[in-house]
Amino acid sequence: MRFQLTEDQWALRDGVRGLLAARFGRERLRAAMEGAGGAEVEPELDRGLWRELGSAGFFSLRLPEEAGGVGLGLPEAVLAFEEAGRVLLPGPLIATHLAAGVVPGAATGEAVVTVVDGGGVVEWLGAADVVRGDAAGAAPMRSVDPLTPLHRVAEPDSGDRTDVLLTSLLTAAEQLGTAARVCELAVQHARTREQFGRPIGAFQAVQHLCAGILVRVEVARAAVYAAAVTVDPADIAAARLLADEAAVRGARDCLQVHGGMGFTWEADVHLYLKRAWVRARRPGSITECEELLAAELLAEAP
Amino acid sequence: MDLSDTPQEAEFRARLREWLGKALPSLPAKPSPDDWPGRRAYDLGWQRTLYDAGYGDVHWGADPAVRMIYLEETEKAGAPYVGANFVGLLHAGPTVAAEGTDEQRAHWLPPMLRGEEVWCQGFSEPDAGSDLAALRTRAWRDGDDYVVSGAKIWTSHAEVADWCELLVRTDPHAPKHRGITWLAMPMDAPGITVRPLRTLAGSNEFAEVFLDEVRVPVANRVGEENDGWRVTMVTLSFERGTAFVGEVVACRRVLAELAVAARENGRWDDPVLRRRLGRLNAEFRALWRLTQWNVSEASEGVPGVGGSVFKLRYSHARQELYEAAAEVLGEGGAALDLEQPWVLDRLSSLSYTIAAGTSQIQHSIVAERVLGLPKGR
Ligand SMILES: Cc1cc2nc3c(=O)[nH]c(=O)nc-3n(C[C@H](O)[C@H](O)[C@H](O)COP(=O)(O)OP(=O)(O)OC[C@H]3O[C@@H](n4cnc5c(N)ncnc54)[C@H](O)[C@@H]3O)c2cc1C
């Protein structure tokens, strides 16, 4: 057992982080939001960036080399999605990733693929070239997240079981990235913002909020990485629960650390929180995970 | 990222499992929680059994991955807990191994491993708890001895200990972190009075220890004179970093037992309670993974401040576990009946957010030393 990133995994993580920093930095994030503030119009999906992700192997990461993919495994995919979660990369990333090798053009980023998920919600319906599942009669809603347009459908699709598991795991990876990022934002702000003549990070109440954020990140990280290695449904459920918690509570505490500034449209904090909320309702919700983990306790019982 | 056993690890696991299958059934019955001499004998006996079978040194020195397997398998099999050997095996021993001289290692470690001697920890004082560096127990040189006077408190296992890892102030004029020295004090030295304190669980888990001109040989000093704070940090990093690791597996076992009990008494049909148990399953799974992560990261040597992250979450989760246990035992007052299993454990779980550094102190450590926030007040 050596439960640490390998050299190659570090390199992959740094590579994805570098790519995203260059192509989807904070200015791009804010630019993508311009005009999305009203939420009446669906924000544009950046096709150029989508293709670039495709050629970098983001969607074909787990496709065998013979099939034109990168031939890596779930742990690597989890690292890539964690990076996507860090920068709030928009788009139906998971659906397109899972469609690579199944839907033509998905692997290369030519096609944008979305899915009707178990909760009866579709992300990015307007931008999608291909919709998996039955989206007939989908009605738009005003999405809380300015960068994730949502539609509701009447008849939820139960979905492919493996896809549900992988969606849950990759969602957890995105949540982990978001949680780690809000921890950094909280700490940065706590170090620089001064009140009472000193950085607010010198006050215990603020310190303890920040420490709490980090603890949730680290516990979630261990759970998410382990689930990527074992692909055990109970491990995935645990990872999802803890990563959802780390992202949602982390973003809320980060907002608290930012004070009034945190409540503005200007600060990025709300974007992290809203995206975390959107992801948290994907298949493999809190109730499902808790029930699965409860049942697992009795699985081996006499 | 690899969670599978190497061939050597798999072989170790299989051999250990087979041995546990044979060794556990022939263990004597567990003594009552109030019978300290009985508990001492039982805990030392188990350590001796481990030693004779070649597993005596598995807590330190051995490959950390092997230690994880040891903790996992012994807990799953329901083997005895380290108990009275907690301090010796889990933090005094590792400290002596890391910081002691060759003579000191040869003198103290083998009896610990053979299950012959029990250690206790004399760090806290009535006016030095969270602010440990404020300790006032004095020691001055007299020939080849230190002469020690003062008082320690909350000293677990003091009544049955042979040795005490003791912090003393050797330079009262130096800044408070600088004048401290780490000594190993024999508990049978003249001048030591142990007064048991009754815990909220009704037991005598810890004691006050009064020291009146106790002579401790200078040769028993680990590290340099006045450099004891650095050695203390090593001890505490073991205490927070690795000492509770095995208990995570134990909690997972308790949780599974709780689920079975809930199924039997019908409480399982309550979705709120059931989901709460499911959430705890996530918690302890993740804590075990975090442990594997930390152990792989440290790989050898002294664990880092990451131990505080683990300790914070684990101590909280353990308390939640026993709160859930009370829910399961539920109606009819079973949760209030000291004869019931889990009720004593529920009481003792209350100490986890206090002992080995309170949660508030751990939060501050994480904020300042891991996150680099400015030093607070
Ligand atoms: C079961 C048990 C076994 C123990 N065994 C041992 C042992 O074997 N050997 C040994 O040496 N010690 C032992 N201890 C002592 C333990 O380490 C101390 O109790 C602990 O460090 C807290 O110190 P205190 O009790 O003096 O509490 P205090 O330091 O008085 O703290 C009281 C409260 O104030 C808070 N507080 C204090 N300072 C701060 C601060 N700066 N910021 C925020 N909050 C603060 C604390 O978090 C706590 O909530 C044991 C304790 C228990 C409960």
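Residues numbered from 1 in each chain as written. Chains lettered and ligands numbered in written order. Predicted model: local features only at pLDDT ≥ 70, side-chain atom pairs only at ≥ 80, totals over all residues. Heavy atoms only, no water.

A.B. asks: Help me out: how do you make sense of the overall build of chain B in this one?
C.D. replies: Regarding its fold elements, chain B presents 11 helices and eight strands. Relative to the 2.2 N^0.38 estimate, which gives 21 Å for 377 residues, the radius of gyration of chain B is 21 Å and therefore close to what a compact globule would have. The principal-axis extents of the C-alpha atoms in chain B amount to approximately 70 × 45 × 45 Å. A burial count over chain B gives 56% of its 377 residues as buried. For chain B, restricting intrachain contacts to residue pairs at least 6 apart in sequence, the fraction spanning at least 24 positions comes to 73%. Accessible area of chain B: about 15,900 Å², with a carbon and sulfur share of 52%. Within chain B, the 54 negative side-chain charges are centred at a point lying 5 Å from the centre of the 42 positive side-chain charges. (Helix = DSSP H or I, 4+ residues; strand = E, 2+ residues; numbered from the N terminus. Rg over C-alpha atoms; globule rule 2.2 N^0.38 Å. Buried < 20%, exposed > 50% of the residue type's maximum accessible area, 1.4 Å probe, protein only. Contact = heavy atoms within 4.5 Å. Areas by Shrake-Rupley, 256 points an atom, 1.4 Å probe, with all protein chains shown as cover. Lys, Arg positive; Asp, Glu negative; His and termini not counted. Charge placed at Lys NZ, Arg CZ, Asp CG, Glu CD.)

A.B. asks: Would you mind showing me how to read the interface of chain A and chain B here?
C.D. replies: How big an interface is tends to be stated in terms of accessible area lost as the parts join. Taken together, the contacts link 52 residues of chain A with 50 residues of chain B. Counting across the chain A and chain B interface gives eight salt bridges. Note that B:Arg285 and A:Glu296 form a salt bridge whose closest N and O atoms lie 2.7 Å from each other. Where the side of chain A that touches chain B is concerned, the elements lending two or more residues are helix 6 (161-192), strand 7 (198-199), helix 7 (204-230), helix 8 (233-258) and helix 10 (286-299) of chain A. (Salt bridge = Lys/Arg side-chain N within 4 Å of Asp/Glu carboxyl O.)

A.B. asks: Please explain the pattern of salt bridges as it appears in this structure.
C.D. replies: Residue and element names in this part refer to chain A. Within the structure shown, the criterion is met by 61 salt bridges over all chains. A salt bridge links arginine 26 to aspartate 268; the nearest nitrogen and oxygen atoms lie 2.5 Å apart. Taken together, the positions of arginine 26 in helix 2 (residues 26-33) and aspartate 268 in the loop between helix 8 and helix 9 (269-280) put the pair 242 residues apart, joining distant regions of the chain. Classification of aspartate 268 by relative accessible area gives buried; the value is 12%. The shortest N-O distance in the salt bridge between glutamate 184 and arginine 86 comes to 3.0 Å. With glutamate 184 in helix 6 and arginine 86 in helix 4 (residues 74-87), this pair connects stretches of sequence that are 98 residues apart. If you follow the salt bridges from partner to partner, you end up with Asp117, Glu123, Glu174, Arg279, Arg281 and Arg282 in one network.

A.B. asks: Looking at this model, I keep getting lost on the site of the ligand. Mind explaining?
C.D. replies: Of all residues adjacent to the ligand, which total 17 residues, the nearest are A:Gln204, B:Gln121, B:Ser130, B:Trp154 and B:Thr358. Flanking the ligand are residues from chains A and B. Backbone polar atom of B:Ser124 to an oxygen atom of the ligand: 2.8 Å apart, as the coordinates give it. Measuring from an oxygen atom of the ligand, one finds a side-chain N or O atom of B:Thr358 at 2.7 Å. Among the elements of the structure, strand 3 (145-156) and helix 11 (359-370) of chain B are those that each provide at least two residues to the shell around the ligand. Partitioned by chemical class, the residues of the shell around the ligand number seven nonpolar, 10 polar and no charged. (Near = heavy atom within 4 Å. Polar contact = N/O pair within 3.5 Å; in protein donor to acceptor, adjacent residues only side chain to side chain. Nonpolar A, V, L, I, M, F, W, Y, C, P; charged D, E, K, R; others polar.)

A.B. asks: Any chance you could explain the confidence of the model for chain B here in plain terms?
C.D. replies: A low pLDDT score tells you not to read the predicted coordinates there in detail. Confidence in the prediction for chain B averages 92 pLDDT; 97% of positions are at 70 or higher. Overall fold confidence (pTM) sits at 0.93, and the ipTM for the predicted complex is 0.93. (pLDDT = per-residue confidence, 0-100.)

A.B. asks: So what exactly am I meant to see when it comes to the nonpolar core here?
C.D. replies: For soluble globular proteins, the rule of thumb is that nonpolar side chains tend to be buried together. With 175 residues, the main nonpolar core has A:Tyr225 and B:Phe284 as its most contacted residues. The greatest single-element share of this core, amounting to 16 residues, is contributed by helix 7 of chain A. What B:Phe284 contacts, discounting residues up to four positions off in sequence, is B:Val248, B:Cys251, B:Arg252, B:Leu255, B:Tyr314, B:Ala317, B:Arg318 and B:Leu321. (Core = buried A, V, L, I, M, F, W, Y, C linked by side-chain atoms within 4.5 Å.)

A.B. asks: Help me understand the packing of aromatic side chains in this model?
C.D. replies: Residue and element names in this part refer to chain B. One pass over the structure, following the stated rule, counts 15 aromatic pairs over all chains. With a centroid separation of 5.2 Å and 50 degrees between ring planes, the pair formed by tryptophan 19 and tyrosine 55 is classed as tilted. With tryptophan 19 in helix 1 (residues 7-23) and tyrosine 55 in the loop between helix 2 (36-52) and helix 3 (64-76), this residue pair connects regions lying 36 residues apart in the sequence. Of the two residues examined, tryptophan 19 and tyrosine 55, each falls in the buried class. (Phe/Tyr/Trp six-rings, centres within 6.5 Å; stacked < 30°, edge-to-face > 60°.)

A.B. asks: Explain the packing of helix 6 of chain A against helix 8 of chain A here, please?
C.D. replies: When two helices pack together, you describe them by how their axes are tilted relative to each other and by the distance separating the axes. All names here are of chain A. Between helix 6 and helix 8, whose axes approach to 7 Å, the crossing angle comes to 25 degrees. Considered as vectors, helix 6 and helix 8 are oriented roughly parallel to each other. In this structure, the crossing between helix 6 and helix 8 has a hand that is left-handed. Of the residues belonging to the contact of helix 6 with helix 8, the class tally is 18 nonpolar, seven polar and two charged. (Axes fitted to C-alpha atoms, helices over the stretch in contact; angles between N-to-C directions. Parallel < 35°, antiparallel > 145°, perpendicular 65-115°, else oblique. Left-handed = near helix turned anticlockwise from the far one by under 90°.)

A.B. asks: Would you explain the sheet that holds strand 5 (residues 150-152) of chain A in this entry?
C.D. replies: Residues and elements named next belong to chain A. Taking strand neighbours across the sheet as the criterion, the three strands line up as 2-5-4 in an open arrangement whose pairing is antiparallel. With one partner strand each, in any of the chains shown, strand 2 (121-123) and strand 4 (139-141) form the two edges of the open sheet. Between one strand axis and the next, the sheet turns by 35 degrees as a mean value, whatever way the strands run. (Pairing = 2+ DSSP bridges.)

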